[in-house]
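Chains, contacts and geometry: an overview
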Amino acid sequence: MKMPLNNGSMQILPSKRLEQLRGGASAASSLLVLFILIVYPLAALLLQIVFPHIFDSTMSFLPSIQPLVQVFADKGNYMAVLNSLGIGITAAILAAMIGTITAFGSVKAAKMTRNMLNVSVWTIFFAPSYVIAEGWMILMQDGGIFAQAFGLPNGWSAWFFTRYGLIFTMALRYFPFVHMAMEPAIRNMGIEFVNAGRLLGASRQQIVWKIVLPLLTPALLAGASIAFAEGFGDFGFAAAIAPQMHIPLISYQIYSALNEAPVNYTAAASLSLLLILVTGGALWLQMLWMNRKTYVTVSTGSKGSSLPAARVPILSWIGLSLTTVALILPIGATFLESLLKSDAGGIGVSNWSFQGYIDVIKNGSDGIQAISRSFTYSLIAAVFTMGIGLFFAYKMVFRKSFATRILNMVTMSTIAVPGVVLAAGFIFAWNAKWLVPIHLVLYSTSACLAMAYIAGSLPYSIRLQVGAMSQLSPNLMKAAQVLGAKSGKILWSIVFPLVSATTVSTFFLAFTGTMFELPASSLLYPAGEPPFSVVIASKFNAFEWEQGAALTMLGLVFVFGSFLLGQYFVSRLEHRKITKQRKQNMEIKSPETEVLLPV
């Protein structure tokens, strides 16, 4: 890679102390951005718990825990916490079982079956939880798709609208976390462990239960803990399907506390704190378990996956069936609903129409305005998330200092913060009375919502790009500094080309995630300007099923198309990088070849 020299002279490297001071000053500016977007909203939320009157019209710093005691004395809050814990744990266990089956099935399946299975898992992973929940509602409710298809009477699905139905649907939504953790672990597990068990006379069942599964404990715990954290703090199911079941959940209690009159700030803050503690506690327990002993299974002598072959085809077909149920049933029901002229007319072709699509995309409709609005928000969030994430990751990897260590700790800890909690923090932080004199009350503005979108995506962008940059040698940066390159030049001309595939991925990850984002959209959108997800939810709440389903399908097509576009760009960037490396290698080898030729 060519790097122009400044004034034709070689630069002297700055001293280590000066370098650290520069790194610290630069990281401090990064910390300021992170403070505005994440730390300040969460701190404002926690302040509300200790100082319950800090956000009142007459602000008071008098501390008290009495409102906190009242929050947990309320039966509704108490039941919401217990329900969320019970349903979250049970759904995580079921998700772990399903994810384990699909992962084993994927590893040894034929290529076509494996591709079908993995595409289904990734599609479920990207689908927003409230879209899946609404699909199940359309399918299972009285007079729904199933009832019309098979002539079932009202009340046939009463069993589904219970906590057991909620556990089942949440497990089908969150098993991809387990699948993605387990599949590479199974693929990388050395066959020598199974061979050793066979030599000692172990049966197939003993190999699976006493060798294979214990060795996969790290991946299983990682996937299950994330599935629990996602299920415990999930807002999509809580907003879409739980109210129909009359099952209070903690995330919806937070939303209700912020939407009742008068607003119950203390309840929202206290429940949010509990949500953070339980979510963080689950991830901490997983790490604690992992530190008990080593689970190393990959070595220089490893020879790949070791699942007994006789079980593989059955597991592949079971896994494919499970993913089909998890994906095709809810999404297929949503698609069919979007084509119906009326719910009373049956599901036959004679009752099909594109009127729902025409209604939501016609000029001036709330649907087309919402799509346009969310597209703009998504674009802004994706650009800022990608750019800030790239810059922060560069500082954390190549400009290490005390400030960058704090930056690292903050980004790690905030990944566990659920979206509804962060959105609640934005209400406290950017609606505070102390902001009035300086005209910085941003709550209920487009700027506040855009900041919340960026704050929600930023920790993921930073962590992904830190992972990519960690593979780069620091000597590249040292060499560039010797040649006189400044930090901006190094970041743009050296680091970005080498990690461009990951950087572009973070752009599309933030873009697609923002399009369907629901918690921040519901709590922070400006009056009269609802984003796409809020309009979809309002259509379903108003029983305009056809239009809600049509909007959902349009959004899914848009997001899936964006994802494919992102994958295309990433593959092109990877191809260009490989081609460039090959060309450079040939240029390096060519002089030696000339020397070896006979004269």
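These numbers were taken from a predicted model, which means no experiment stands behind them.

1. Considerations on the overall build of the chain
In terms of helices and strands, the chain carries 25 helices and zero strands. Classification of the 599 residues of the chain by burial places 48% in the buried group. Split by element, the accessible area of the chain, about 29100 Å² in all, is 67% carbon and sulfur.

2. Quick word on the pattern of salt bridges
Taken as a whole and assessed by the stated rule, the structure comprises two salt bridges. The shortest N-O distance in the salt bridge between Lys539 and Asp366 comes to 3.3 Å. Within this pair, whereas Lys539 is found in helix α24 (residues 532–541), its partner Asp366 is found in helix α17 (residues 366–398), the two being separated by 173 residues in sequence. With a closest N to O distance of 3.3 Å, Glu544 and Lys539 form a salt bridge.

3. Examining the packing of α17 against helix α22 (residues 487–515)
Two quantities define a packed helix pair, namely the angle between the axes and the distance from one axis to the other. As a packed pair, α17 and α22 sit with axes 8 Å apart at the nearest point and diverge in direction by 140°. Considering the angle they form, α17 stands oblique to α22. Here α17 and α22 pass one another in a crossing that is right-handed.

4. As for the packing of aromatic side chains
The tally for this structure, following the rule as stated, stands at 30 aromatic pairs. Here the aromatic rings of Trp159 and Phe160 are separated by 5.8 Å at their centres, their planes lie at 85°, and the arrangement is edge-to-face. What makes Trp159 exposed here is its relative accessible area of 53%. Phe160 sits in the buried class, given a relative accessible area of 1%. Geometrically, the ring pair formed by Phe375 and Phe558 is edge-to-face, given 5.9 Å between the ring centres and 75° between the ring planes. Placement of the pair is Phe375 in helix α17 and Phe558 in helix α25 (residues 545–596), with a sequence separation of 183 residues. By relative accessible area, which is 35% here, Phe375 ends up partly exposed. Three or more aromatic residues joined by ring pairs form one cluster here, namely Trp136, Trp159, Phe160, Phe161 and Phe168.

Procedures and definitions
- Residues numbered from 1 in each chain as written.
- Predicted model: local features only at pLDDT ≥ 70, side-chain atom pairs only at ≥ 80, totals over all residues.
- Heavy atoms only, no water.
- Helix = DSSP H or I, 4+ residues; strand = E, 2+ residues; numbered from the N terminus.
- Buried < 20%, exposed > 50% of the residue type's maximum accessible area, 1.4 Å probe, protein only.
- Areas by Shrake-Rupley, 256 points an atom, 1.4 Å probe, with all protein chains shown as cover.
- Salt bridge = Lys/Arg side-chain N within 4 Å of Asp/Glu carboxyl O.
- Axes fitted to C-alpha atoms, helices over the stretch in contact; angles between N-to-C directions.
- Parallel < 35°, antiparallel > 145°, perpendicular 65-115°, else oblique.
- Left-handed = near helix turned anticlockwise from the far one by under 90°.
- Phe/Tyr/Trp six-rings, centres within 6.5 Å; stacked < 30°, edge-to-face > 60°.

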